[in-house]
Number of protein chains: 2
Amino acid sequence: MKKSEVVVIGGSAAGLTSAITARRHYPDKKITVIRKEEKAVIPCGIPYIFGTLGSPEKNIMGDDAYKKNKIELLIDEVLEIDRKAKKVALKSGEEIEYEKLIIATGSLPMMPPIPGFEKENVFPVYKSLPHLSKMLEVLKKSKRLVIIGGGFIGVEFADECKKIEGLEVSIVEILPHCLQIAFDPEFCEEAEKILEERGIKLCTGEKVVSIDGLKNVEWVKLESGRLLEADVVIIGIGAVPNVELAKKAGLRLGPTGAIVVDRFMRTSDENIFACGDCAEKVSFFGGRPSALRLASIATAEARIAGANLYGNKREYIGTIGVFSTFIGDTAFAVAGLTEENAKRQGYDVITGTFEAPNRHPGAMPGMRPIKVKLIFERRTGALLGGIFMGDKAVGELVNAISACIHYRMTIDDIASFQMGTHPALTASPVVYPLVNAAEMALLQAKK
Amino acid sequence: MKKSEVVVIGGSAAGLTSAITARRHYPDKKITVIRKEEKAVIPCGIPYIFGTLGSPEKNIMGDDAYKKNKIELLIDEVLEIDRKAKKVALKSGEEIEYEKLIIATGSLPMMPPIPGFEKENVFPVYKSLPHLSKMLEVLKKSKRLVIIGGGFIGVEFADECKKIEGLEVSIVEILPHCLQIAFDPEFCEEAEKILEERGIKLCTGEKVVSIDGLKNVEWVKLESGRLLEADVVIIGIGAVPNVELAKKAGLRLGPTGAIVVDRFMRTSDENIFACGDCAEKVSFFGGRPSALRLASIATAEARIAGANLYGNKREYIGTIGVFSTFIGDTAFAVAGLTEENAKRQGYDVITGTFEAPNRHPGAMPGMRPIKVKLIFERRTGALLGGIFMGDKAVGELVNAISACIHYRMTIDDIASFQMGTHPALTASPVVYPLVNAAEMALLQAKK
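Fair warning: this is a prediction, and the values are worked out from it, not measured in the lab.

As for the overall build of chain A
Okay, step 1: Of regular secondary structure, chain A possesses 11 helices and 28 strands.
Okay, step 2: In terms of its C-alpha atoms, chain A occupies a principal-axis envelope of roughly 70 × 55 × 40 Å.
Okay, step 3: Buried positions account for 57% of the 447 residues belonging to chain A.

Let's talk about the domain arrangement of chain A
Okay, step 1: Parsing chain A into structural domains produces domain 1 (2–107 + 240–308), domain 2 (122–237) and domain 3 (329–446).
Okay, step 2: For domain 1 of chain A and domain 3 of chain A, the distance between their C-alpha centres works out to 34 Å.

Here's the deal with the interface of chain B and chain A
Okay, step 1: The partner chain A presents 67 residues to the 67 residues of chain B that form the contact.
Okay, step 2: Elements with a contribution of two residues or more to the side of chain B that touches chain A: helix H1 (13–25), helix H7 (295–308), strand E24 (322–327), strand E25 (330–336), helix H9 (394–406), helix H10 (411–415) and helix H11 (433–446) of chain B.
Okay, step 3: Of all the elements, H9(B) adds the most residues to the side of chain B that touches chain A, at nine residues.
Okay, step 4: In terms of residue class, the side of chain B that touches chain A is made up of 39 nonpolar, 19 polar and nine charged.

Some thoughts on the sheet that holds strand E9 (residues 95–97) of chain A
Residue and element names in this part refer to chain A.
Okay, step 1: Taken together, four strands build an open sheet; the order of strands is E1-E9-E8-E7 and the sheet is mixed. Two strands lie at the open edges of the sheet, namely strand E1 (2–3) and strand E7 (78–82), each paired on one side alone.
Okay, step 2: With three bridges connecting them, strand E8 (residues 87–90) and E9 associate as antiparallel partners. From the neighbouring strand, Ala89 faces E9, where its bridge partner is Glu95.

Points about the sheet that holds strand E28 (residues 383–390) of chain B
The strands making up a sheet associate through backbone hydrogen bonding, with each pair oriented either parallel or antiparallel.
Residue and element names in this part refer to chain B.
Okay, step 1: Spatially, the five strands line up as an open sheet ordered E24-E25-E28-E27-E26, and their pairing is antiparallel. At either end of the open sheet lies a strand with only one pairing partner, and these are E24 and strand E26 (349–357). Averaged over all pairs of adjacent strands, the angle between their axes in this sheet comes to 10°, without regard to strand direction.
Okay, step 2: Bridging between E26 and strand E27 (residues 369–377) involves nine bridges; their strand directions are antiparallel. The residue of E27 that forms the bridge with Thr351 is Ile375.

Observations concerning the relation of the copies chain B and chain A
Mapping between the two copies of the chain is achieved by a rotation about an axis and a shift along the axis.
Okay, step 1: Rotating chain B by 180° and moving it 0.0 Å along the rotation axis overlays it on chain A with an RMSD of 0.0 Å. Taken together, the rotation angle and the small translation identify this as a two-fold axis. Identified as the residue of chain B closest to the rotation axis by C-alpha distance is Ala400(B), at 1.7 Å.
Okay, step 2: A shared interface surface links the copies, since 100% of the contact residues of chain B are contact residues in chain A too.

A closer look at the environment of Gly238(A)
All names here are of chain A.
Okay, step 1: In this structure, Gly238 sits in the loop between strand E19 (232–235) and strand E20 (239–241).
Okay, step 2: Residue class for Gly238 comes out partly exposed when judged on the 18 C-beta atoms lying within 10 Å of it.
Okay, step 3: Each C-alpha atom of the pair Gly238 and Gly276 lies 15 Å from the other, and the pair is 38 residues apart in sequence.
Okay, step 4: Those residues in contact with Gly238, other than ones at most four positions away along the chain, are Met110 and Gly151.

A few points about the pairing of strand E10 (residues 100–103) of chain A
Residues and elements named next belong to chain A.
Okay, step 1: Burial of the side chains of E10 extends over both faces: Lys100 and Ile102 are buried on one face and Leu101 and Ile103 on the other.
Okay, step 2: Across four bridges, the pairing between strand E2 (residues 6–9) and E10 is parallel. The partner of Val7 across the bridge, within E10, is Leu101.
Okay, step 3: Sheet analysis places E10 next to strand E21 (residues 272–274), joined by three bridges and oriented parallel. Residue Ile102 lies in a different strand from E21, and its bridge partner there is Phe273.

As for unusual backbone geometry
Okay, step 1: The omega torsion across His360(A) and Pro361(A) is -5°, close enough to zero to call that bond cis.
Okay, step 2: Although it is not a glycine, Asn121(B) adopts a positive phi angle of roughly 70°.
Okay, step 3: Checked against the element boundaries, Asn121(B) lands in the loop between strand E11 (107–109) and strand E12 (122–124).
Okay, step 4: For Asn121(B), a count of 22 C-beta atoms within 10 Å puts it in the buried group.

Topic: the environment of Lys84(A)
Residue and element names in this part refer to chain A.
Okay, step 1: Counting through the fold element by element, Lys84 comes out in the loop between E7 and E8.
Okay, step 2: On the basis of neighbour count, Lys84 is assigned to the exposed category, with 6 C-beta atoms found within 10 Å.
Okay, step 3: The sequence separation of Lys84 and Ala249 amounts to 165 residues, and the corresponding C-alpha distance is 9.8 Å.

Focus on helix H9 (residues 394–406) of chain A
Residue and element names in this part refer to chain A.
Okay, step 1: Its 13 residues give H9 an end-to-end C-alpha distance of 19 Å, which sits within 8% of 18 Å, the value for a rise of 1.5 Å per residue.
Okay, step 2: Counting buried positions over the 13 residues of H9 gives 13, a clear majority of the element.
Okay, step 3: One or two residues past the end of H9 sits Arg408, with phi positive at roughly 45°.

Examining the packing of helix H1 (residues 13–25) of chain A against helix H7 (residues 295–308) of chain A
Residues and elements named next belong to chain A.
Okay, step 1: With their axes 7 Å apart at the nearest point, H1 and H7 run at an angle of 30° to one another. Accordingly, the angle class assigned to the pair H1 and H7 is roughly parallel. The element H1 and its partner H7 pack so that their crossing is right-handed. Of the residues in H7, those in contact with Ala13, Ala14, Thr17, Ser18, Ala19, Thr21, Ala22 and His25 of H1 are Ala295, Ala298, Thr299, Glu301, Ala302, Arg303, Ala305, Gly306 and Ala307.
Okay, step 2: A class-by-class count of the residues in the contact of H1 with H7 yields nine nonpolar, six polar and two charged.

Remarks on the nonpolar core
Okay, step 1: Within the largest apolar cluster, 320 residues are counted, with the highest numbers of intra-cluster contacts made by Ile103(A), Val233(A), Cys275(A), Ile103(B), Val233(B) and Cys275(B).
Okay, step 2: Not counting the four nearest positions on each side in its chain, Ile103(A) is found in contact with Ile9(A), Leu245(A), Ala246(A), Ile259(A), Ile272(A), Ala274(A) and Cys278(A).

As for helix H4 (residues 152–161) of chain A
Since the α-helix turns once every 3.6 residues, residues separated by three or four places project in the same direction.
Residues and elements named next belong to chain A.
Okay, step 1: Burial runs high along H4: nine of the 10 residues are buried.
Okay, step 2: Phe152, Ile153, Gly154, Val155, Glu156, Phe157, Ala158, Asp159 and Cys161 are the residues of H4 that are buried.
Okay, step 3: Buried residues along H4 sit in contact with helix H3 (129–141), strand E13 (144–148), strand E14 (168–173), helix H5 (185–197), E19 and strand E24 (322–327).

Let's talk about the confidence of the model for chain A
Okay, step 1: In this model, chain A carries a mean pLDDT of 97, and residues with pLDDT of at least 70 account for 100%.
Okay, step 2: In the predicted assembly, ipTM is 0.96 and pTM is 0.97.

Thoughts on the environment of Pro423(A)
Okay, step 1: Summarising the element assignment, Pro423(A) is placed in the loop between helix H10 (411–415) and helix H11 (433–446).
Okay, step 2: In this structure Pro423(A) comes out as buried when scored by C-beta crowding, with 27 C-beta atoms within 10 Å.
Okay, step 3: Sequence separation of Pro423(A) and Ile375(A) is 48 residues, and the distance between their C-alpha atoms is 27 Å.
Okay, step 4: Once residues lying within four places of it in the same chain are set aside, the contact partners of Pro423(A) are Arg359(A), His360(A), Met364(A), Cys44(B), Gly45(B) and Tyr48(B).

A word on the pairing of E25(B)
Residues and elements named next belong to chain B.
Okay, step 1: A large share of E25 lies buried, amounting to six of its seven residues.
Okay, step 2: Hairpin geometry of E24 and E25 is characterised by an intervening segment of two residues between the two adjacent antiparallel strands and by a positive phi of about 60° at Gly328.
Okay, step 3: Here E25 pairs with E28 via six bridges, running antiparallel. Each residue of the ladder has a partner; that of Ala335, found in E28, is Gly386.

About the cut-offs
Residues numbered from 1 in each chain as written. Chains lettered and ligands numbered in written order. Predicted model: local features only at pLDDT ≥ 70, side-chain atom pairs only at ≥ 80, totals over all residues. Helix = DSSP H or I, 4+ residues; strand = E, 2+ residues; numbered from the N terminus. Buried ≥ 20, exposed ≤ 12 C-beta atoms within 10 Å, placed from the backbone. Domains from an automatic or database assignment. Contact = placed C-beta atoms within 7 Å. Nonpolar A, V, L, I, M, F, W, Y, C, P; charged D, E, K, R; others polar. Pairing = 2+ DSSP bridges. Axes fitted to C-alpha atoms, helices over the stretch in contact; angles between N-to-C directions. Least-squares fit on C-alpha atoms with pLDDT ≥ 70 in both. Expected span 1.5 Å × (residues − 1). Parallel < 35°, antiparallel > 145°, perpendicular 65-115°, else oblique. Left-handed = near helix turned anticlockwise from the far one by under 90°. Core = buried A, V, L, I, M, F, W, Y, C linked by C-beta atoms within 7 Å. pLDDT = per-residue confidence, 0-100.

As structure tokens, then:
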């Protein structure tokens, strides 16, 4: 029987990153990644296949990292984990003995509990190259696309698919706003405005009751009675952890249906770690179960799992939740809790919002406004979250706030934050929106 | 006699920001800013007047903020501070009584101790509109510009003035590299490569001994004997605090020649605060005197001074030092200590460097590499500094590191940092350079 001291199941963001981390921390161990897919798709890049990239082949995670980090890559499928014998059985018939196992089996698209999603041309978003190639082929021939779900996946798909010539695009979202779980309403409205300006039809506050048609989908029926004509449907309502193997192996599962892990990313079996979408998460705020599933969370967990295989080195602080997206030509980003989410969790909050040009003077090229909203706990002034809208640099600015949340920076800390500024790169130091939003929150606190 | 509870001397970044902050914290006080200049120039924007902007009028700080924040703006000059009577005497003959005074008189260009800088067409960089208009006029008619000093001012001036048609541009820098005080050599070399590719002549490791010519400058003489022909010279070797008024008023001055302040930004007179380039600074690292003078430091200090006028609310943590610049089409940024500066201060350091595309997949538009170097204290793993090179978003990414330095994040903290990533905005979470640079430092530590 083959032996590899470290075996990783799954070769997407979490699997690959945990293997690379294990290699860095344990240079002498044999490390094997078992991946089902011939080619690994970059998960966050999937919507961009359908517009900006134009081809699924352009959204492939190269396999160079395996060679470079001396990690063996097996294209195969694990059928069973034998915890007692510490081995995995593969579809090819092979068995591999392990000392430490990392489960990074990711997630599967959530399917809505409605009739008709088995019709032709109804696509959940699988991270599979053949599936995505098929989707692209169908989309290119279609006239009317209905996207079920107005979260990040839905909105990014809509924005990109709208670039396919002659394709009408609609989004059906059950909540009053698109992106409502991620952003506060004033930001959702800005995003919706951009989508509508791009000609995307939004059906918010609407529930899909069925997907209908003879063989192919022909329309989507909403609870309000409205019928949306459709020759193609994309389902983007979320993801569920892919835990079949773990369940069969008797590993403990948690409240969101994912594999229970401690803060060292160990499962209920001390020789088995889990990370990424298949691993249960707790919120940084209050420690409750968190259903956030993002590649960036997956890789952070993977760097903890990979380092801790033979001894605890890193501890997870809980999921802060840092997202960004790009709609039309505007970046939106959020870290931590929105005002609505914070209130829902029982916080007494104060907020501050500030908008300023992202260049100084305003005559510098590329000038556009950048808007920041910060959310603080009222009594202690501790930062709970930040929401951003503006140019592409917002994608990195939000990461500054992630660090500030981690260390529970207060309003006054942020008001006197030492940022760097430059005419061609950032807002002026006088109106720098981050620090000014903190001052705005102070003003609100006084009222 | 006129009375204003709060009087601010100076209307540049520090003066304006301290007044706005005072207004926010003390809504009922009368606040007056006394500014010498009819129009306030945006200090960091000055180099951009000569290329990108094309006119000094496009680099003016508007005065709207005064009206909006109910701050009185007097265009006048303070001649004397009478600490006993708590009043200032103005050039116009007026006197104003104050309860709290903020000195934000900024800095003046440092003049090199060499003969000839009084020749015609030799320009120090004064933050004055008429002076800058004169400079632009002369530069437009000139054929050969020599810039003395290869720091941020010198390099930005060179990059911008090169956009003036037909102008040859040379930089003379006494140190082996341009930008050497701010960056480690490998980054300086990258910057120098870009400058040279743009046709800028670099004379590094060269000292100017005289500026010669009949009436107008005709050449610059270097210690090596080289003569650089020049019909215009810009002096950009740094700034000295403008403390004449404070000195005359008997306020204590510090080791860099600036006004001594405590961590509440109070001078040796408890009713007088100072902030910005005229205020003495201590380093966040070890508390030694710091000669860094930046608009972003000035505004951070101003937000502390303005809030503390009638009671201590905020305390300065010392100057971290966060810079960014933009050369050719590449952003460079640094926060905290470079490797060389850290060693010079007595730290035993380990560093990690990582380069990755700033988009994922690499086929996304706007893709270019982003390079990160992190500097850690060896024993504790505490972050001391970070250096960045890449696209414009680097200007905000460096601010994430500023927060991480503030909280003395360790290598392992950064390796498991929770950042947000997005195909169109950032590097992939797998190769995200910040966290991977931390892992590289760990590998170095093991050696």
